[in-house]
Amino acid sequence: MDPRILDRLRCPVCGEPLEQATDTKALRCPRRHSFDIARQGYVNLLTGRAPHVGDTAEMVAARADFLAAGHYDVISAALAAAATDAVVRLGATGAEPPAPDVGAYPLVVDAGAGTGRYLGAVLAALPHAVGLALDVSKPALRRAARAHPRAAAALADTWQRLPLADASTAVLLNVFAPRNGTEFHRVLDPAGTLLVVTPDTDHLTELVAALDLLRVAPDKAGRVTDSLGGHFTPVSSAVHRAELTLTRPEAASLVGMGPSAWHTDPDALTARLAALPEPVRVTVAVRVDGYRPR
């Protein structure tokens, strides 16, 4: 593992620093707690059994295909721009080689990273930053481990203590994922930035109406701020929109990669998808909110 990333990791059992074991494919702490590195490249930093397994292989495959087609590049571009601004404000370089100390390299963490595409986009915009993808889904992490040469991936439950040192993170991404305000605050640099992406009220509105999908709560923005537990102050907010023109299979992938995949009857959904007129026109509308630790 890249020493610039390993330097920020901490044992999820005792909180001690981790080192790469020379005799096995594992990370170990001074107290001999050991964590295997899977052959697909991610390290398992779970302690005990996770209460859920995250996105299924089918959901991850749908997401990978949909994102690879560039349909959500509006989100990637917004995050890359916001993260670049955040790193400049932090005083880290990101775009220029930092000092030789591995701790000088800004760390970007994606909590609930999925396939790692958004993390990869941010790292592409910050050529001297490093990144860590955290997720509880093994199928997602198999892809996230290959999302970018300067990124690593770890199996971790973001509802639990994050396997990171205090104040170790320059930018923390949270894209359509659960938010652990207490832990996000602990791992962020005091001058760091949390970037949260959530759906705006008209996100995918055409599919929501036609396919009877989950709807965005009208008070979503306020609930997101409340969920951060008073640990953060909002500092920026912007809504980004795009109009997509999709085939029916692409619309099916879009539905299959999101939360509606857990809550919609598959047979009814298939019938409704088959009835959609082609091309399928869909509105993308997301909020990108920036927060600073209090």
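Residues numbered from 1 in each chain as written. Predicted model: local features only at pLDDT ≥ 70, side-chain atom pairs only at ≥ 80, totals over all residues. Heavy atoms only, no water.

In the annotation of an unreviewed UniProt entry, the chain is listed under the name 23S rRNA m(1)G-748 methyltransferase and assigned to Micromonospora violae.

Taking the numbering used here, the UniProt-annotated feature "binding site: Zn(2+)" (unreviewed entry) corresponds to Cys 11, Cys 14, Cys 29 and His 33. These annotated residues cover 23 residues of sequence, and their C-alpha atoms lie no more than 8.5 Å from one another, placing them together at a single site. Here Cys 14 is to be found in the loop between helix H1 (3-6) and strand E1 (19-20). Within the secondary structure, Cys 29 is located in the loop between strand E2 (26-28) and strand E3 (34-36). (UniProt positions renumbered as here; feature names shortened; annotations may be inferred. Helix = DSSP H or I, 4+ residues; strand = E, 2+ residues; numbered from the N terminus.)

All right, on to the UniProt feature "binding site: S-adenosyl-L-methionine" (unreviewed entry) in the chain then. Sites flagged by UniProt as "binding site: S-adenosyl-L-methionine" (unreviewed entry) map to Tyr 72, Thr 115, Gly 116 and His 203. Within the secondary structure layout, Tyr 72 lies in the loop between helix H2 (57-68) and helix H3 (73-90). Owing to a relative accessible area of 3%, Tyr 72 belongs among the buried residues under this scheme. If we skip the residues at most four places from it in the chain, Tyr 72 touches Phe 66, Leu 67, Tyr 118, Phe 176, His 203, Leu 204, Leu 254, Met 257 and Val 284. Relative to the assigned elements, Gly 116 resides in the loop between strand E5 (107-111) and helix H4 (117-125). (Buried < 20%, exposed > 50% of the residue type's maximum accessible area, 1.4 Å probe, protein only. Contact = heavy atoms within 4.5 Å.)

A separate point is the side chain of Ser 76. Structurally, the position occupied by Ser 76 is in helix H3. Among the residues examined, Ser 76 registers a relative accessible area of 7% and is labelled buried. Those residues in contact with Ser 76 that lie beyond four places of it in its chain are Tyr 118 and Ala 121.

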